[in-house]
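Each chain, letter by letter, is given below.
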Amino acid sequence: MEFDFKTIEEKWQKVWKDDLTYKSAVDPSRPKYYCLEMFPYPSGRIHMGHVRNYTIGDVIARYKTMQGYNVLHPMGFDAFGQPAENAAIKNQSDPEEWTLKCVDWMKKEMLRMGFSYDWDREVSTCLPDYYKWNQWIFLKMMEKGLAYKKASYVNWCPSCATTLANEEVIQGGCWRCHTTVVEKELEQWYLKITAYSDRLLDDLGSLKNWPQAVLTMQKNWLGKSYGVEIYFKLENGQLLRVFTTRPDTIFGATYVVLAPEHACVKELVRGKPQEKEVLDFIEEVSQESRMERVAGDVKKKGCFTGAFAINPVNSEKISIWLADYVLMEYGTGAIMAVPTHDQRDFLFAKEHGLPMRIVIQSQAAGYQSPEDLSEAYEGEGVLVNSGGFDGLPNEEAKQRIASWMEEGLIGKSCVHWRLRDWLISRQRYWGTPIPVIYCDKCGVVGVPYEDLPVRLPKNVEISGEGGSPLAKVREFVETKCPKCKKPARRETDTMATFIDSSWYFLRFCSPGAGTEPFDKAEAKYWMPVDQYIGGIEHAVLHLLYSRFFTKFLSDIGLVGFNEPFDKLLTQGMVLKDGEVMSKSRGNIVDPDGIIKDYGADTLRLFILFAAPPEAELDWNDKGIDGAWRFLSRVWRLVSALPAHDRSALPEEHTEGLRVVMEKMHETIKKVTQDMEGGFKFNTAISGIIELVNELYKLSPQEQKYQAAVEAIETAVLLLAPFVPHLCEEMWQMLGRKESVFRSRWPKYDEKYLFKKDVEYVIQVNGKVRSKIIVDIHAVQDDIKKAALADIKTREWIAGAIPKKVIVVMNKLVSIVV
RNA sequence: GCCGGGAUGAUGAAAUUGGCAAACAUAACGGACUUAAAAUCCGUCGGCCGCAAGGCCUUGAGGGUUCAAGUCCCUCUCCCGGCACCA
């Protein structure tokens, strides 16, 4: 007899909807638990990655509910973004209509998976009701000087025809379409995330329940490095600031290199014979893609400026060069070159025949003069050729030279970050309009709060070419200056969609809030998110931006905490035959088909059982049969019971039932520990399988006795978070009137776990040789005696006198002879 | 190059954190039921030797610490991920 999953799943999905089973509300009398999964982009269809992500979250939410927590488990849609525009170009569709249709389809699929969302809290970021608050927060940032416009070299994706933030450039390509990113000089809007560098780094230490990998990635991304800015004098008397993390090698600087974009280059070369060559070089470098420019160990391209600088520590006159490997964005865009102790400088010096001088000596490395070096020596050593610092270990010299330079006003200790400000303006239609107006008289003016939202106009022509689509909409662009009321123009760029997801978890706390982005009291109750679940691909995108937003909102008094996500679980990818599922590989397993053939419960169980949540999961068609078989076994157990009144069941005691009771309490303990100790769903499920297997060892008669039924009910309760529909059905068959999710998680009784005897393993010289059963109350000496008295053990000892006998209580005896 | 994470049966994986390696599941094989198949149930299932009792070996490789190592330490190989001419 098999269960009719289709009827059962539809039945319970309707009950949950009608009974508002998952509706959540503030209740100060109960501990809260905010369980959140990263909301999806509404592509229209869910894939296995979604199924896994949301199933994990669903199990946690349901488990915590059964533990008595007041659980908030919301879902929404990250609905702005390019695919809607691309669809608009392709099918002449309206992006909003298209997106909302996709939201609808996707929501239906989520409902079919039986996820326990409080749908009353649903948000879609593309609705004015939501993006109004993006604009609101943007204006607040503008007030604090944290949103600003500047001209700079930006990352440009030629295929998406828009700018990208640094975080959106993955290995030189666009995060969305992988097209090679080029540089472009543009005036764009930025958020000053760098104002939060220190806090973003320091607070990583408080994220005790985040995966190490994510913490490390963020730390590297922030890229704090300590060094010194050294002032080199130019011929015209101006100072050139050079950043280095190796002040200990300053006496080895034999030339200086500037980034081609460096501000002082043009003045330096003016009128010099090298001028034309330099300008050509700058032009050449500007043509290179970022990818080419930073690619590996290609030749170090560069050219001489004809100018010189004075090294302030020894007044040496050294040449100034340009090179493509020096980047304007990092440090000061100017470096001192120490070819003997920096590999890049070494290659450049070899290429262009520049002088070298050794300033760090190491016995181990064994070189005497620069000619002995085949590559730069970057290791530890003792200073030489370094004025008064000779003989100092270089680590110590770093400190000493830095302070010496500060005293002599020729340098200054400083910190540089890899993190850049967040470029947020996009030349696209389907995003939040940046709420700014340009007035010839008043300049850049923020849209007044009372005028929000600045709505996205409808019927905009989208071609994917020719700049911001909004710029072509006259009724949108032409407006009045809020200050002087004269005609003015609106900003036509829209915001990066990562803004939308940087605070949505707060909106879920009070999705209808109308005077502020969210209700402070509700947020105070629910936040921070207790458990956040999503893919690791957002390690330095969404997860960094959200931390930044939270800190800003804390600074303006909207929230009282600094970190949005207490615990983070990054689920592994779902693979097929060891490869990522993708359209181009044609190896996609569609959740829809699996739900049709097996039902949502079986799919959920399989995906949770096949691997721990953090690990990659290789999809296996056969594995799902196993999940199905197990659920059928449980189902048969429950169906075989007469519709009953539990008190009327015979209360018999058999050896089998005694074993089952023991197993039941053991299982409750094991499953609870697996859930508490990091959501080890796979082993939790294997525990439940073992309990069911134990029940199957009973005779059909025994299975109907009270103790067995208690164990069956326990199995249903333990299984409920994983397999919600079927467990609701079985719970009802067991005569229960209320939802299984209004029942409490079972508790185990120590008295059943207490054993009279303990089995001890006996090792002789480190090998297991025998086993003995000893009374639980036996003391060390008794156990030792019993072990030495054991016949098999005595054979192995063969009359020798034990040198050492170690007794590990409740485990083993180790004898050394 | 730097940083992080890995490597256990045919397969996905377990192993109370130093205490009987391979729980649970999948696949495979054998058996029961069946006219037959499916489903279901029972059994075998890391390798080698042995009729058996049993023994020896085994967690990427090598070494070490320990009564005891998949787990700790050192060296190395390979795989995955992030960053990368970051001064």
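Quick note: structure is the one above.
Counting of residues starts from 1 at the beginning of each chain's written sequence and follows it residue by residue. For naming, the first written chain is A and the first written ligand is 1, with later ones following in the order written. Local features are withheld for residues below a pLDDT of 70 in this predicted model, meaning they are given only at 70 or higher, and side-chain atom pairs are given and counted only at 80 or more; totals for whole chains, interfaces and linings count all residues. Derived side-chain values reflect all non-hydrogen atoms in the structure, with water molecules and hydrogen atoms excluded from consideration.

A. Quick look at the pairing of strand 11 (residues 302-311). By the criterion of burial, strand 11 is predominantly enclosed, with seven of the ten residues buried. Strand direction decides the pairing type here: strand 8 (residues 225-234) and strand 11, joined by two bridges, are antiparallel. Bridging across to strand 11, L234 finds its partner in A309. Relative to strand 12 (residues 316-323), strand 11 runs antiparallel, the two being bridged by seven bridges. The partner of F304 across the bridge, within strand 12, is W321. Any two strands with at least two DSSP-identified bridges between them are counted as paired. In DSSP terms, a helix is any run of H or I states spanning at least four residues, a strand is any run of E spanning at least two, and both are numbered starting from the N terminus. Counted along the chain from strand 11 to the antiparallel partner strand 12, the turn is four residues long, and its residue S315 has a positive phi close to 60°. Only protein chains enter the accessibility calculation, which uses a 1.4 Å probe. A residue is then buried if its area is under 20% of the maximum for its type, exposed if over 50%, and partly exposed in between.

B. The state of the cysteines, seen in detail. The disulfide definition used here is simple: a pair of cysteine sulfur atoms within 2.5 Å. Applying the stated criterion across every chain yields a total of zero disulfides. With no disulfide of its own, C264 lies closest to C303 among cysteine sulfurs, the gap being 13 Å. Here C481 is not disulfide-linked; the sulfur of C439 is the nearest cysteine sulfur, at 3.7 Å.

C. A look at the nonpolar core. Y34, M48, L191, W422, L506, L719 and F722 are the most contacted members of the largest nonpolar core, which totals 190 residues. Top contributing element to this core by residue count: helix 22 (residues 706-719), with ten residues. Between two residues, a contact is recorded if the distance between any of their heavy atoms is within 4.5 Å. Sequence-distant contacts of L719, defined by excluding residues within four places in its chain, comprise L605, F630, L631, V634, I688 and C727. Core analysis: the second largest hydrophobic core is formed by 57 residues, V228, I250, F281 and C303 among them. We call a set of buried Ala, Val, Leu, Ile, Met, Phe, Trp, Tyr and Cys residues a nonpolar core when their side-chain atoms join them within 4.5 Å.

D. Layout of the protein's contact with RNA strand B. When we say a residue is near a molecule or strand, we mean one of its heavy atoms is within 4 Å of it. Around RNA strand B lies a shell of 55 residues, among which T245, K300, R344, A610 and R633 are the nearest. Sugar and phosphate atoms form 64% of the subset of RNA strand B atoms that lie within 4 Å of the protein. Polar contact is the term for a pair of N or O atoms within 3.5 Å; when the atoms are in protein, one must be able to donate a hydrogen and the other to accept it, and sequence-neighboring residues count only if both atoms are side-chain atoms. In the model, a phosphate oxygen of RNA strand B is placed 2.5 Å from a nitrogen or oxygen of the R633 side chain. Measuring from a phosphate oxygen of RNA strand B, one finds a side-chain N or O atom of N682 at 2.9 Å. Each residue belonging to the surface near RNA strand B can be placed in one class, and the counts come to 22 nonpolar, 14 polar and 19 charged. Any residue that is not Ala, Val, Leu, Ile, Met, Phe, Trp, Tyr, Cys, Pro, Asp, Glu, Lys or Arg is counted as polar, Gly included; the first ten are nonpolar and the last four charged.

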